[in-house]
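Close look at the chain arrangement
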Amino acid sequence: MLVIASICALAQQPIALERIVTPAAGLVQPVDIQSRPGDLRFFVAERRGLVRIVTGGVPLTVPFADMTSEVAVNGETGLRAFAFAPDHLVTGHVFLWYDEANGTAGVDGVLVKMTTFEGDADRLDPASREEILRVPQDGRSHGGGRIGFDPEGRLLLGIGDGHPGGDPMCRAQDRSNLLGSMIRIDVSGDLPYTIPADNPFIGVANVRPEILHYGLRHPWKWCVDGSNGDLWIGDVGEVQREEIDHVPGGGAGLNFGWPAIEGSECFSGQGCTVHPPCNEPTFTPPVFEYDHGLGCSVTAGYVAENTSVLELNGAFIFTDFCSHRIWSARSDGAGSVNVIEHGVTVYPGNANLVLPTTFGVDGEGELLVADYVDGEIHRVAPAESFFDICEGMPNVAGDGAGMTTAGTTSLSRNNLRLDIAGTAPYTLGVLFYGPEATSVPVGNGVRCVGGGGLSIFRAGVRVANGSGEMTFELDLNSGPFMGGMSQVQAGSTWIFQTWYRDIGGPLGASTNFSAAVAARFRP
């Protein structure tokens, strides 16, 4: 059953996932994905302590960072997150958050700053490591999993309660430590850091001034909306509820209630017994929550900004580690949040999203999601594969030639067919394709396929039958589709249109064009 603290529409708005990194690429337990400004590649953190650069679906042999000698991999511990500094292109600075053994039953969460080698931006210099923050944890779990920056460039870090069950040490309501909180620090100046002047608990006795919000169990993933400063948090629940919290830009000092409450309900499990009552009016309830009939552990995500899935832009995207349902949440700016669940189709058919651990973005701004089990990376894409671009103009035979599609745009299936109908009988036709749409009057019709500064490519010649019909069955594994500027790749969109002879057409010319269709190609 869903319990939602604000407006929620449970429409199944479809999207697609296109696999862009296969298990054969060898990524091991990916936990974070980041992109660097001006770099079309993306970077993947593996739990074991490596950060790897992925290009063309393949990780580079030499890792961007190798923290395997520092990272403790035990229980749920490991390398958790990394982030490029806002001034990375100038300074080369990168921040990493990981677990380190401390000789006890727990671990230390460690935040460090490192710098790329001079003259080699694809490697972090191990000798540049500077410790920023160390947070002792009571157990080997709930250390958080994301580093980020707000619009003012301050570093935010979500830290869990540090224990696998019930917060028995009552850390999340104890503001004298950093466990169970979101912290905000300024790492742009003096090391290790300074406290931003607008942090909410500066000068409060027995309260760490780094704390921005508290009362969290395990804020594994969260995101700051760069357009307005809104903070979205996915707080992993224990035995009952998974929750999404939303803080409008500028909000500070909120208490989300753990371990008194889990989601919006009183926590009934064993653990901390010293905390405010679960009906404490100052607790901030989640804007969305679900029970374990719909999943087991929320994997929060990103605010989509400039993706090719236009209906997602501006929304916060999240999923569940077990059920891999995908939702999007959008604030109306007036206190209500609308949540939509998305129907998902995965391409190709043998791809899997088994245990999604993290979202990220690639160098082109497209949203990515990683699978923990086999290291697959998927790109979030529009559900539609075909889009009408323009209609055919009147010809000697009548209203014009149309184009329809059959089969799919899946490269692995290779079964796309384009059918043309409405030309004069036995006329000659040539199929063209190009990377952009245009509108150029030519002969009796309009050319809608453009070269995008490259070229327009020819994909086949046919002669219509006696009914004015011709068919192009495309073999994407041969001919112009396989190489060079004309290569059709997964994630690419191409415009298709047929030129044909139209002697005696209404404008007195001898040629015309059919309708045009755009096809987005899948793995």
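In short, a report on the structure.

Let's talk about the environment of Val-274
By the element assignment, Val-274 lies in the loop between strand E20 (265–266) and strand E21 (288–291). What makes Val-274 exposed here is its relative accessible area of 61%. For the pair Val-274 and Asp-174, spaced 100 residues apart in sequence, the C-alpha separation works out to 10.0 Å.

So, the sheet that holds strand E24 (residues 326–331)
Strand order in this open sheet of 4 strands is E22-E23-E24-E25, and the pairing throughout is antiparallel. Either end of the sheet is taken by a strand with one partner, and the two such strands are strand E22 (298–303) and strand E25 (337–342). Averaged over neighbouring strand pairs, the angle between their axes works out to 25° when direction is ignored. Across 4 bridges, E22 lies against strand E23 (residues 316–320) in antiparallel orientation. When the sheet's bridge partners are listed, Tyr-302 is paired in E23 with Ile-317.

Here we look at the state of the cysteines
Applying the stated criterion across every chain, the model contains 4 disulfides. Two residues share a disulfide in this structure: Cys-266 and Cys-278, whose sulfurs sit 1.8 Å from each other. Measuring the twist about the S-S bond at about 55°, one finds the Cys-266-Cys-278 disulfide to be right-handed. Placement of Cys-266 in strand E20 and of Cys-278 in the loop between E20 and E21 is noted, with a sequence separation of 12 residues between them. For Cys-278, a relative accessible area of 30% gives the class partly exposed. Once the bonded cysteines of the protein are numbered in order along the sequence, the disulfide links fall as 1-3, 2-4, 5-6, 7-8.

As for empty space enclosed by the protein
Counted by the stated rule, this structure contains 2 cavities of 30 Å³ or more. As for the largest cavity, its lining consists of Gly-215, Arg-217, Asp-235, Val-236, Gly-237, Glu-243, Phe-256, Trp-258, Ile-261, Glu-262 and Gly-263. For the lining of the largest cavity, the residue count by class is 4 nonpolar, 3 polar and 4 charged. Here the second largest cavity is characterised by a volume of approximately 40 Å³. What lines the second largest cavity is Asp-32, Arg-146, Lys-221, Trp-222, Ala-300, Gly-301, Tyr-302, Thr-358 and Phe-359. Contributing elements (two or more residues each) for the lining of the second largest cavity: strand E16 (221–224), E22 and strand E27 (356–361). Looking at the lining of the second largest cavity element by element, the count peaks at 3 residues for E22.

With respect to the nonpolar core
Core analysis: the biggest nonpolar cluster contains 53 residues, and Val-51, Phe-64, Leu-96 and Phe-318 have the highest contact counts within it. Per element, the largest residue contribution to this core is 4 residues, and it comes from E22. Aside from chain neighbours lying at most four places away, what touches Leu-96 is Val-51, Ala-65, Met-67, Leu-79, Ala-81, Phe-82, Val-110, Leu-111, Val-112, Met-114, Leu-124 and Ile-147. Counting 24 residues, the second largest nonpolar core, distinct from the first, contains Ala-81, Ile-159, Leu-179 and Tyr-214.

What to know about the pattern of salt bridges
Counted under the stated rule, the structure contains 29 salt bridges. For Glu-130, the salt bridge identified is with Lys-113, shortest N-O distance 3.8 Å. A residue pair is termed long-range when its members are at least 10 positions apart, and Glu-130 in strand E11 (residues 120–136) and Lys-113 in strand E10 (residues 107–117) qualify at 17 residues. Of the residues examined, Glu-130 reaches a relative accessible area of 29% and is grouped as partly exposed.

Observations concerning unusual backbone geometry
A cis geometry characterises the amide bond from Leu-191 onward to Pro-192, with omega recorded as 0°. Within the fold, Pro-192 resides in the loop between strand E14 (181–185) and strand E15 (211–214). The peptide bond linking Trp-258 to Pro-259 adopts the cis configuration, its omega dihedral lying at 10°. For Pro-259, the position within the fold is in the loop between strand E18 (241–247) and strand E19 (261–262). Even without being glycine, Gln-29 reaches a positive phi, approximately 45°. Mapped onto the fold, Gln-29 is located in the loop between strand E2 (15–21) and strand E3 (30–34). Judged by relative accessible area, Gln-29 falls into the partly exposed class, the value being 27%. Positive phi, close to 60°, is recorded for Asn-206, a residue that is not glycine. On the accessibility criterion, Asn-206 (68% relative accessible area) is exposed.

Calculation rules
Residues numbered from 1 in each chain as written. Predicted model: local features only at pLDDT ≥ 70, side-chain atom pairs only at ≥ 80, totals over all residues. Heavy atoms only, no water. Helix = DSSP H or I, 4+ residues; strand = E, 2+ residues; numbered from the N terminus. Buried < 20%, exposed > 50% of the residue type's maximum accessible area, 1.4 Å probe, protein only. Pairing = 2+ DSSP bridges. Axes fitted to C-alpha atoms, helices over the stretch in contact; angles between N-to-C directions. Disulfide = S-S within 2.5 Å. 1 Å grid on protein atoms, 1.4 Å probe; cavity = no way out; pocket = protein on both sides within 12 Å on 5 of 7 lines; lining within 4 Å. Points joined across faces, edges and corners; volume = space filled by probe spheres on them. Nonpolar A, V, L, I, M, F, W, Y, C, P; charged D, E, K, R; others polar. Core = buried A, V, L, I, M, F, W, Y, C linked by side-chain atoms within 4.5 Å. Contact = heavy atoms within 4.5 Å. Salt bridge = Lys/Arg side-chain N within 4 Å of Asp/Glu carboxyl O.

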